[in-house]
Amino acid sequence: RYQQHLYNGTRDELVEAVHQQLRDKRFNHCLRVEQTAIQLAEENGVDLEKASIAGLVHDYAKERSDEAFIGMIKKHQMDPDLLNWGNAVWHGIVGAEFIHDELGIDDEDILNAVRYHTTGAVEMSPLAQVVYMADYIEPERNFDGVDEARQITHKDLRAGVAFQTKHTMLYLAEKNAPIYPATLLTFNRWVAQKQ
Ligand code: GDP
Ligand code: FE
Ligand code: FE
Ligand code: FE
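Quick look at the structure, then. Note that the coordinates shown come from a computational prediction; the quantities given were computed from them, not determined experimentally. (Residues numbered from 1 in each chain as written. Chains lettered and ligands numbered in written order. Predicted model: local features only at pLDDT ≥ 70, side-chain atom pairs only at ≥ 80, totals over all residues. Heavy atoms only, no water.)

**Some remarks on the overall build of the protein**
Broken down by element type, the protein carries eleven helices and zero strands. Along the protein, helices (α) and strands (β) appear in the sequence α-α-α-α-α-α-α-α-α-α-α when read from the amino end. Relative to the 2.2 N^0.38 estimate, which gives 16 Å for 195 residues, the radius of gyration of the protein is 16 Å and therefore close to what a compact globule would have. On the principal axes, the C-alpha backbone points of the protein span a range of 40 × 40 × 30 Å. Residues classed as buried in the protein amount to 49% of the 195 residues present. Total accessible area on the protein is roughly 9800 Å²; 48% of this is exposed by carbon and sulfur atoms. Placing the 20 positive and 31 negative side-chain charges of the protein at their respective mean positions leaves the two points 4 Å apart. (Helix = DSSP H or I, 4+ residues; strand = E, 2+ residues; numbered from the N terminus. Rg over C-alpha atoms; globule rule 2.2 N^0.38 Å. Buried < 20%, exposed > 50% of the residue type's maximum accessible area, 1.4 Å probe, protein only. Areas by Shrake-Rupley, 256 points an atom, 1.4 Å probe, with all protein chains shown as cover. Lys, Arg positive; Asp, Glu negative; His and termini not counted. Charge placed at Lys NZ, Arg CZ, Asp CG, Glu CD.)

**What about the site of ligand 1?**
Near ligand 1 lie 15 residues; those nearest to it are Lys62, Thr118, Arg141, Pro178 and Thr183. Within the side chain of Thr118, a nitrogen or oxygen atom sits 2.7 Å from an oxygen atom of ligand 1. Take Asp135: an N or O atom from its side chain is 3.0 Å from an oxygen atom of ligand 1. Protein coverage of the free-state accessible area of ligand 1, which is 590 Å², stands at 80%. Among the residues forming the shell around ligand 1, the class breakdown is six nonpolar, five polar and four charged. (Near = heavy atom within 4 Å. Polar contact = N/O pair within 3.5 Å; in protein donor to acceptor, adjacent residues only side chain to side chain. Nonpolar A, V, L, I, M, F, W, Y, C, P; charged D, E, K, R; others polar.)

**A word on the nonpolar core**
Within the largest apolar cluster, 58 residues are counted, with the highest numbers of intra-cluster contacts made by Val57, Leu82, Val94, Leu103 and Ile105. At nine residues, the largest contribution of residues to this core is made by helix H8 (residues 126-137). Look past the residues within four positions of Ile105 in its chain and what remains in contact with it is Leu6, Tyr7, Ile53, Val57, Ile99, His100, Ile110 and Leu111. (Core = buried A, V, L, I, M, F, W, Y, C linked by side-chain atoms within 4.5 Å. Contact = heavy atoms within 4.5 Å.)

**Observations regarding the coordination of the iron ion (ligand 4)**
Distances from the iron ion (ligand 4) to its protein donors, His29 (NE2), His58 (NE2), Asp59 (OD) and Asp135 (OD), fall within 2.2 Å. Motif for the iron ion (ligand 4), donor spacing along one chain: H-x28-H-D-x75-D. The metal-metal distance between the iron ion (ligand 4) and the iron ion (ligand 2) comes to 3.5 Å, with Asp59 coordinating both. With His29 in helix H2 (residues 24-44) and His58 in the loop between helix H3 (48-57) and helix H4 (66-75), this residue pair connects regions lying 29 residues apart in the sequence. Grouping residues by exposure puts His29 and His58 together as buried. (Donors = N, O, S within 2.8 Å, 3.2 Å for Na, K, Ca; no water.)

**Describing helix H7 (residues 108-115)**
Along H7, the positions that sit buried rather than exposed are Ile110, Leu111, Ala113, Val114 and Arg115. Those residues of H7 that are buried are in contact with H3, helix H5 (87-93), helix H6 (95-103) and H8. The residue sitting at the N-terminus of H7 and contributing the capping side-chain oxygen is Asp107; that oxygen lies 3.1 Å from the backbone nitrogen of Asp109.

**Remarks on unusual backbone geometry**
A positive phi is found at Gln77, a non-glycine position, where the angle reads about 45 degrees. Relative to the elements of secondary structure, Gln77 occurs in the loop between H4 and H5. Gln77 gets classed as exposed once you look at its relative accessible area, which sits at 71%. Positive phi is not limited to glycine here, since Asn176 has a value of about 55 degrees. Note that Asn176 resides in the loop between helix H10 (157-174) and helix H11 (181-193).

**Some words on the pattern of salt bridges**
One pass over the structure, following the stated rule, counts twelve salt bridges. The closest approach of N and O atoms between Arg64 and Glu102, which form a salt bridge, is 2.8 Å. One end of the pair, Arg64, is in the loop between H3 and H4; the other, Glu102, is in helix H6, with 38 residues separating them in the sequence. Between Asp147 and Arg150 there is a salt bridge, with the nearest N and O atoms lying 3.1 Å from each other. You can see Asp147 and its partner Arg150 sitting in helix H9 (residues 146-155), three residues apart, about one turn around the helix. (Salt bridge = Lys/Arg side-chain N within 4 Å of Asp/Glu carboxyl O.)

**Focus on the environment of Val161**
On the secondary structure map, Val161 appears in helix H10. Here Val161 is in contact with Met124, Gln129, Tyr132, Met133 and Trp190, once residues within four sequence places are set aside.

Next comes the structure, spelled out in structure tokens:
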């Protein structure tokens, strides 16, 4: 059972709630992100229950329809520019609102970790850094450079954030993908400025 102010239920209940929303493949990814997040949390003095919860739920909304996201953006009067983007950007930033409304999770540190897990952010708490990196280096990730990413991250979490941010930017530029403004701001803060 988690501390009640974080989630009003047991880990098994939260795992089941996440599984109900996701195909097995993505659900299993969430379990691996949870385990990696717990490991990074131990290494960095971050709350283990928050790491567990945030890791489990980070992709909770990823299989919702575009219509569901658009409805949520309007319901919560979120930035209208979000409507110009799609699932990749929505499932974290807007997904946090589904997690809040449906799972009753209202810890802002956990919700921000979900919000920032795809694009990063100028200000990321240690928990948000842990989730951002756990999603990137969980054991079944296998892109070029993932071993270097793991090594850097376990040595220095903030250096891992800079590494991922730079490589995601390069990856998006290489495929002529639009770069979400928050991703650019993350780059300027964590890669170009780095302090
Ligand atoms: P996943 O949900 O576990 O697959 O991983 P993420 O949530 O980290 O990323 C989802 C997708 O968003 C990936 O394909 C990223 O490359 C992509 N992504 C990250 N930042 C941006 C951005 O600024 N613009 C666009 N178009 N895609 C992005
Ligand atoms: Fe994601
Ligand atoms: Fe990610
Ligand atoms: Fe993920």
